[in-house]
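# Structural characterization, general
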Amino acid sequence: MTDTREPQPQPQAGAAPAQPYHPPQAYSAPSGPGAPRGGGTATAQRKPRTGARMAPRTRKARLRVAKADPWSVMKVSFLLSIALGICTIVAAAVLWMVMDAMGVFSTVGGTISEATGSNESNGFDLQSFLSLPRVLIFTSVIAVIDVVLATALATLGAFIYNLSAGFVGGVELTLAEDE
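Now for a quick tour of the structure. Since we're looking at a predicted model, the values are computed, not measured.

### Overview of the overall build of the protein
Within the protein, the secondary structure is distributed over four helices and two strands. Reading the protein from its N end, one meets helices and strands in the order β-α-α-α-α-β. Looking at the protein alone, contacts between residues at least 24 apart form 77% of all its contacts between residues at least 6 apart. Counting every atom, the protein has about 15,500 Å² of accessible surface; 63% of that belongs to carbon and sulfur.

### A word on helix 1 (residues 70-102)
Helix length check: helix 1 (33 residues) gives 47 Å between terminal C-alpha atoms against 48 Å at 1.5 Å per residue, within 8%. Listed as buried for helix 1 are Pro-70, Ser-77, Ser-81, Gly-85, Ala-92, Ala-93 and Trp-96. Residues of helix 1 that are buried sit in contact with helix 2 (104-116) and helix 4 (132-168). Gly-103 occupies a position one or two residues after helix 1 and carries a positive phi of about 85°.

### Points about the side chain of Asn-162
Considering the arrangement of structural elements, one finds Asn-162 in helix 4. Not counting chain neighbours up to four residues away, the residues in contact with Asn-162 comprise Lys-67, Ala-68 and Pro-70.

### Brief notes about the side chain of Ser-81
On the secondary structure map, Ser-81 appears in helix 1. Residue classification places Ser-81 among the buried residues on the basis of a relative accessible area of 5%. Within the structure, the side chain of Ser-81 is placed 2.8 Å from the backbone oxygen of Ser-77, a separation counted as a polar contact. If we ignore the near neighbours within four places in the chain, the residues touching Ser-81 are Asp-146, Val-147, Ala-150 and Thr-151.

### Some thoughts on the pattern of salt bridges
On inspection of all chains with the given rule, the structure shows three salt bridges. For the salt bridge of Arg-59 with Glu-177, the shortest nitrogen-to-oxygen distance reads 2.3 Å. Taken as a pair, Arg-59 in strand 1 (residues 58-65) and Glu-177 in strand 2 (residues 171-178) lie far apart in primary sequence, 118 residues in all. Glu-177 sits in the partly exposed class, given a relative accessible area of 39%.

### Re a nonpolar patch on the surface
Taken together, the side chains of Phe-78, Leu-79, Ile-82, Ile-86, Val-90, Val-94, Val-98 and Met-102 define a hydrophobic patch exposed on the protein surface, amounting to about 750 Å² of accessible area. Summarising the element assignment, Met-102 is placed in helix 1. In this structure Met-102 comes out as exposed when scored by relative accessible area, which is 62%.

### Quick notes on the packing of helix 1 against helix 4
It is the contact of helix 1 with helix 4, at a shortest axis distance of 8 Å, that shows an interaxial angle of 155°. With respect to helix 4, the element helix 1 is oriented roughly antiparallel. Here helix 1 and helix 4 pass one another in a crossing that is right-handed. Of the residues belonging to the contact of helix 1 with helix 4, the class tally is 20 nonpolar, nine polar and one charged.

### Regarding the environment of Arg-64
Looking at where Arg-64 falls in the secondary structure, it is placed in strand 1. Spatially, the C-alpha atoms of Arg-64 and Glu-172 are 4.3 Å apart, while their sequence positions differ by 108 residues. With residues near it in sequence (within four places) discarded, Arg-64 still touches Gly-169, Gly-170, Val-171 and Glu-172.

About the cut-offs
- Residues numbered from 1 in each chain as written.
- Predicted model: local features only at pLDDT ≥ 70, side-chain atom pairs only at ≥ 80, totals over all residues.
- Heavy atoms only, no water.
- Helix = DSSP H or I, 4+ residues; strand = E, 2+ residues; numbered from the N terminus.
- Contact = heavy atoms within 4.5 Å.
- Areas by Shrake-Rupley, 256 points an atom, 1.4 Å probe, with all protein chains shown as cover.
- Expected span 1.5 Å × (residues − 1).
- Buried < 20%, exposed > 50% of the residue type's maximum accessible area, 1.4 Å probe, protein only.
- Polar contact = N/O pair within 3.5 Å; in protein donor to acceptor, adjacent residues only side chain to side chain.
- Salt bridge = Lys/Arg side-chain N within 4 Å of Asp/Glu carboxyl O.
- Patch = residues over 30% accessible without salt bridge, like charges linked within 9 Å, V, L, I, M, F, W, Y side chains within 5 Å.
- Axes fitted to C-alpha atoms, helices over the stretch in contact; angles between N-to-C directions.
- Parallel < 35°, antiparallel > 145°, perpendicular 65-115°, else oblique.
- Left-handed = near helix turned anticlockwise from the far one by under 90°.
- Nonpolar A, V, L, I, M, F, W, Y, C, P; charged D, E, K, R; others polar.

Printed below as a string of structure tokens:
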């Protein structure tokens with residue numbers, strides 16, 4: 001490859017350049033009564049007027065959610081439903097302990113056994129039926145079913161959203177940023 005440009009003069013060693021380098025400007029320097037003083041250098045900054053309001057500006061962007069990745073929706077919904085299942089089990093255990101400490105099971109159980117009992121049997125025993133291990137097993141089964149269903153429904157919802165977004169364009173959002 002050959003250089004077809006004209007040769008550029010090289011500065012001599014020890015000699016000072018004749019003029020300082022000024023990069024090209026997109027706009028010409030302003031002139032007139034509002035122009036900056038001091039030769040109009042590029043480092044001069046314009047100062048706001050004394051009566052000018054310095055309120056922060058808000059930038060806004062309109063975005064559209066055109067597609068939801070079903071794999072990422074499945075992962076997020078699985079983790080959220082696991083967390084919801086753990087919260088459900090802990091809440092059931094705490095609620096059972098509070099109700100047992102208040103004597104709700106013994107009071108209600110006594111009333112039920114009195115109403116259903118006869119001379120030969122004591123009737124229905126609510127305290128043995130609603131024991132803590134039995135309640136936690138039932139709650140755990142419900143939590144596992146909830147994890148499977150919530151994950152499947154969220155993934156199916158992502159597929160349905162992608163189909164409908166293909167027809168109507170998706171959900172439009174307006175995001176704002178304060179400066």
